[in-house]
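Residue-level structural notes
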Amino acid sequence: MFVTSEGHAYARFNRAIERRNLAAAEDAARDIPVLALDDALRLVHLYRERGSPKYEKAALRWLARYLTEGSPRLLEAATVAASLAERAPHP
């Protein structure tokens, strides 16, 4: 059975997310040409869980993709944005 490098990277990404290993998840995500929206959100949640300073920028990038790719209704978009903002670390 032939496994592409992208498939291998995706398997590494999933393992890293399951193990809550942020560094490994970031490394694997870089090797995936286009990280699916759901997977990108999993990474955003891991940034938050680990208290990473990258959370806010990643959450904003994910939200922009969600608005473009997901075509949500206005109320749904507002709810998702508010949820991401509530999870942001406060200085």
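A quick note: this is a predicted structure, and the numbers were derived from the prediction, not measured.

Describing the overall build of the protein
The secondary structure content of the protein amounts to 5 helices and 0 strands. In sequence order, the protein lays out its α and β elements as α-α-α-α-α. C-alpha extents for the protein along the principal axes are approximately 45 × 30 × 15 Å. Residues counted as buried form 33% of the 91 residues belonging to the protein. Residue pairs in contact within the protein that sit at least 24 positions apart in sequence constitute 48% of those at least 6 positions apart. Of the accessible surface of the protein, which amounts to about 6200 Å², a share of 57% is contributed by carbon and sulfur atoms. Both charge centroids of the protein, one from 14 positive and one from 12 negative side chains, sit 4 Å from each other.

Examining the side chain of Ser52
Structurally, the position occupied by Ser52 is in the loop between α3 (37–49) and α4 (55–69). On the basis of relative accessible area, Ser52 is assigned to the buried category, the value being 9%. Not counting chain neighbours up to four residues away, the residues in contact with Ser52 comprise Leu22 and Tyr47.

Definitions and limits used
- Note that residues are indexed from 1 along each chain, following the sequence as it is written.
- pLDDT decides what is reported in this predicted model: residues at 70 or higher carry local features, side-chain atom pairs at 80 or more are listed and counted, and totals for whole chains, interfaces and linings draw on all residues regardless.
- Only hydrogens and water are set aside; all other atoms, that is, all heavy atoms of the structure, feed into the side-chain values.
- Think of it this way: any DSSP run of H or I at least four residues long counts as a helix, any run of E at least two long counts as a strand, and we number them from the N terminus.
- For the exposure calls, accessible area comes from a 1.4 Å probe over protein chains only, and a residue counts as buried if that area is under 20% of its type's maximum, exposed if over 50%, partly exposed in between.
- Whether two residues are in contact is decided by their heavy atoms, any of which lying within 4.5 Å being enough.
- Shrake-Rupley sampling with a 1.4 Å probe provides the accessible areas, and residues are treated as covered by the protein chains on show and by no other component.
- Charge assignment: positive for Lys and Arg, negative for Asp and Glu; neither His nor the chain ends contribute.
- Here the site of a charge means atom NZ of a Lys, CZ of an Arg, CG of an Asp or CD of a Glu.

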